[in-house]
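Listed below, chain by chain, are the residues.
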Amino acid sequence: MASHVVGYPRMGPKRELKFALESFWDGKSSADDLKKVAADLRSSIWKQMADAGINYIPSNTFSYYDQVLDTTAMLGAVPPRYRWTGGEIGFDTYFSMARGNASVPAMEMTKWFDTNYHFIVPELGPDVKFSYASHKAVDEYKEAKALGVDTVPVLIGPISYLLLSKPAKGVEKSFSLLSLLDKILPVYKEVVAELKAAGASWIQFDEPTLVMDLESHQIQAFTNAYSQLESSLSGLNVLIETYFADIPAETFKILTSLPGVTGFGLDLVRGTQTLELVKSGFPSGKYLFAGVVDGRNVWANDLAASLSILQSLEGIVGKDKLVVSTSCSLLHTAVDLVNETKLDKELKSWLAFAAQKVVEVNALAKALAGQKDEAFFSANAAAQASRKSSPRVTNEAVQKAAASLKGSDHHRATNVSARLDAQQKKLNLPVLPTTSIGSFPQTMEIRRLRREYKAKKISEEEYVKDIKKEINKVVKLQEELDIDVLVHGEPERNDMVEYFGEQLSGFAFTVNGWVQSYGSRCVKPPIIYGDVSRPKPMTVFWSTTAQSMTSRPMKAMLTGPVTILNWSFVRNDQARFETCYQIALAMKDEVEDLEKAGIAIIQIDEAALREGLPLRKSEQAFYLDWAVHSFRITNCGVQDTTQIHTHMCYSNFNDIIHSIIGMDADVITIENSRSDEKLLSVFREGVKYGAGIGPGVYDIHSPRIPSTEEIADRINKMLQVLETNILWVNPDCGLKTRKYSEVKPALQNMVTAAKLIRTQLASAK
């Protein structure tokens, strides 16, 4: 019985790749140093899987930044602004596309399906000259082979690549990206030919877009693509891998009838209908790569339940054609539980990170082959039982309070225009008010301070004194820059979710449970294992301290319930919306305490609301209903004069704009700068938005400093579609990852641009 892993985290157990990348970008180490760290990581991952007994080990799932960007490089689809002149794409061009450089901005970044991973969006058009410009897939296959590991090279399939792309600037929005299929397939054929020549016997094409509600011409393009590749692929075993949901029934029939394909990878964790689909008909003689080990969560697999699913599949596809696999790449989970020294034994027994999931896959494969490790299975069963019965998981009062929320809609008492009038009387802000999103640069000094306090090397008194100093510095800087609504900079916070989770019950935290978000940026999601409540106020002290330092309005910063949910590893023993309502009630207490303490503006970030949207249209309305309801629960009890802000990051909002309006926030700040004002097209198309809105005027994810003229131009574009009295001016995200040398001039230019436009508006009256 065979075993397979779809993909593996790249960052390394202690974020080795992150530190190597940042050192290289800062000019502190060479390209060779970076390549050495990368090669060591790849080699240890392949060896680990081989030692665990995995039969189908992936290669080319490593990336220096992003796997979609790697495909763009493979196809030579470099936008002209990067002035690439041909040849093998090197770090300069590659990282310029990812991060921008001194003269040109980065490519757009957006969420990878419904995960918290971001990919670099290809920019395509009829004039792109595709050419085989990065041999990474072949090089990594050969590299593994030289180490004695025969791998399955993984490529993003041609259809998913095109469907995840966007028309480049200047190309008609209606341009059919799939019309480029005939231009990219010759490059795919070259790659396949080289892999074959290098000795590959299997090749994996990731086609996750197959789980979406595709139109018939898109499904037809998929059939055409693999028909055209068929002769090139002959002599190779071909696996088409899908994940994150089940495949629609019609697509499933078409996929499984493709003649040149050897095996199909299906997600049996999020694909709740997948088992029924396979039972309804699976082609004889084909392999089923059954994704029964969850690649997106940290809970130990229920081995007995998985084994029973596998046994029923075995009866359908045959013993020798069933391969035990992960539900998706393990990229979306933490790396290795071995590095967790602070979790207690009971909780640890409930968990499995990527390294443990590899072992689970192999244990299931062996059990199916009649070599069941009884000790391993019985330890797993004991852990499952202890989790079900543990008193730390259930809090009856919380369960009751959350259950009573169903059925009411929790709206604020008056409409948004009346509230904005009341708030303006109190706040007296200028037209086009300026603000920032919340965080200011997290310097080495701040990180050291938090580390020492956590390690009890400094007293609470010293810590508070130093954090106050930092807040004062941030407040004074904003006053000097003449920003209208201030923030305290969040020096006391490690992460926008972890900071709150540490103060809520029902959450656990890891030391090294890092997961890649984009590039070198990693997040450490909390683990929600039990019912959630707020024992005491979490932010009131710091917000009131900051407000006491200035006469300008000080915005309090909270993370919203949906974002806390979507950026955590969530318990899988109750519905997600039930956990979300529990978090909403905890945040409601915090909002009301901030208001009582005299804070007039409270921002409740829902950065991740869009990313939790189910991939299938039939499931979206239910999600949006409870997600928007959860947000409204947090602030339904405040007075009209308290201004509620929310912030949203990288996403395609156009399809959920009515839900965003339904959140009923007073002001929304929204990422916009990297997506080329795509967001503004919603308002051009006539959607009426009466609340305050601040589409980001510059991209904080790039070190580039935008000029006053550039920002003024952006504001003018916004004013073409938005009313002057609702527009706010702000960066498009928090500033924690930037340096002060970048932040000061960028904010200065932003304020100057806002004042410039104010003057122009005043003189035009």
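That block above? That's the structure.
Here's what I pulled together on the structure shown here. Worth saying up front: this structure is predicted, and the values here are computed from it rather than measured. (Residues numbered from 1 in each chain as written. Predicted model: local features only at pLDDT ≥ 70, side-chain atom pairs only at ≥ 80, totals over all residues. Heavy atoms only, no water.)

### Some words on the overall build of the protein
The number of helices and strands found in the protein is 27 helices and 22 strands. Projected onto its principal axes, the C-alpha positions of the protein cover 75 × 60 × 50 Å. Counting over 765 residues, the protein shows a buried share of 63%. If you take every contact in the protein between residues at least 6 apart in sequence, the share linking residues at least 24 apart comes to 80%. (Helix = DSSP H or I, 4+ residues; strand = E, 2+ residues; numbered from the N terminus. Buried < 20%, exposed > 50% of the residue type's maximum accessible area, 1.4 Å probe, protein only. Contact = heavy atoms within 4.5 Å.)

### Examining the side chain of Arg 296
Inspection of the secondary structure puts Arg 296 in the loop between strand E11 (287-293) and helix H11 (303-317). Among the polar contacts made by the side chain of Arg 296, one reaches the side chain of Asp 114 at a distance of 2.8 Å. Setting aside residues up to four positions removed in sequence, Arg 296 forms contacts with Asp 114, Thr 115, Phe 244, Arg 270, Cys 328, His 332 and Phe 569. (Polar contact = N/O pair within 3.5 Å; in protein donor to acceptor, adjacent residues only side chain to side chain.)

### Topic: the sheet that holds strand E1 (residues 2-3)
One key point about sheets: their strands pair by backbone hydrogen bonds, in either a parallel or an antiparallel sense. Ordered by their spatial adjacency, eight strands build an open sheet running E1-E12-E11-E10-E9-E8-E6-E2, and the pairing between neighbours is parallel. Only two strands of the sheet have a single neighbouring strand rather than two, namely E1 and strand E2 (57-59). Two elements, E1 and strand E12 (residues 322-326), share two bridges in a ladder whose sense is parallel. Its bridge partner lying in E12, Ser 3 is registered against Val 324. Against the sheet, helix H2 (residues 31-52) contacts E2 and strand E6 (151-156), and its axis sits at roughly 165° relative to E2. Where helix H8 (residues 216-233) meets the sheet, its contacts fall on strand E8 (202-206) and strand E9 (237-241), and the angle it forms with E8 comes to roughly 165°. (Pairing = 2+ DSSP bridges. Axes fitted to C-alpha atoms, helices over the stretch in contact; angles between N-to-C directions.)

### Points about the environment of Ile 527
You can see Ile 527 is positioned in strand E16 (residues 527-533). Residue Ile 527 is classed as buried on the basis of its relative accessible area of 1%. Residues Ile 527 and Thr 394, spaced 133 residues apart in sequence, show a C-alpha to C-alpha distance of 15 Å. Those residues in contact with Ile 527, other than ones at most four positions away along the chain, are Val 298, Trp 299, Leu 351, Gly 506, Phe 507, Ala 508, Thr 510 and Phe 569.

### A closer look at the sheet that holds strand E18 (residues 569-570)
Ordered in space as E13-E16-E18, the three strands form an open sheet in which the pairing is mixed. Only two strands of the sheet have a single neighbouring strand rather than two, namely strand E13 (505-508) and E18. Strand direction decides the pairing type here: E13 and E16, joined by three bridges, are antiparallel. Bridge pairing links Phe 507 to Ile 528 in E16. Relative to E16, helix H22 (residues 576-596) is tilted by about 50°, and along the sheet it contacts E16 and E18.

### A few points about the environment of Ala 39
With respect to the helices, strands and loops of the structure, Ala 39 is situated in helix H2. For Ala 39 and Ala 144, which are 105 residues apart along the polypeptide, the C-alpha to C-alpha distance reads 9.8 Å.

### Focus on the pattern of salt bridges
Inspection of every chain in the model, using the stated rule, returns 43 salt bridges. Glu 590 serves as the salt-bridge partner of Arg 534, at 2.6 Å between the closest nitrogen and oxygen. Here the residue Arg 534 occupies a position in the loop between E16 and helix H20 (540-547), and Glu 590 occupies one in helix H22, the gap between them amounting to 56 residues. Residue Glu 590 is classed as buried on the basis of its relative accessible area of 0%. Residue Lys 596 pairs with Asp 593 through a salt bridge whose shortest N-O separation is 3.6 Å. Residue Lys 596 and its partner Asp 593 are located together in helix H22, separated by three residues, close to a single helical turn. (Salt bridge = Lys/Arg side-chain N within 4 Å of Asp/Glu carboxyl O.)

### Notes on the environment of Pro 561
With respect to the helices and strands, the residue Pro 561 is situated in helix H21 (residues 561-566). For the pair Pro 561 and Gln 574, spaced 13 residues apart in sequence, the C-alpha to C-alpha distance is 16 Å. When residues no more than four places from it in sequence are discounted, the contact partners of Pro 561 are Cys 580, Ile 583, Ala 584, Glu 606, Ser 630, Phe 631 and Thr 634.

### A few points about empty space enclosed by the protein
One pass over the structure, following the stated rule, counts seven cavities of 30 Å³ or more. Approximately 550 Å³ is the volume attributed to the largest cavity. Met 496, Arg 521, Trp 567, Cys 733 and Lys 736 are, among the 33 residues lining the largest cavity, the residues nearest its centre. For the lining of the largest cavity, the elements supplying multiple residues, two or more each, are strand E14 (515-518), strand E15 (521-523) and strand E17 (555-559). Among the residues making up the lining of the largest cavity, the classes are represented as 13 nonpolar, twelve polar and eight charged. (1 Å grid on protein atoms, 1.4 Å probe; cavity = no way out; pocket = protein on both sides within 12 Å on 5 of 7 lines; lining within 4 Å. Points joined across faces, edges and corners; volume = space filled by probe spheres on them. Nonpolar A, V, L, I, M, F, W, Y, C, P; charged D, E, K, R; others polar.)

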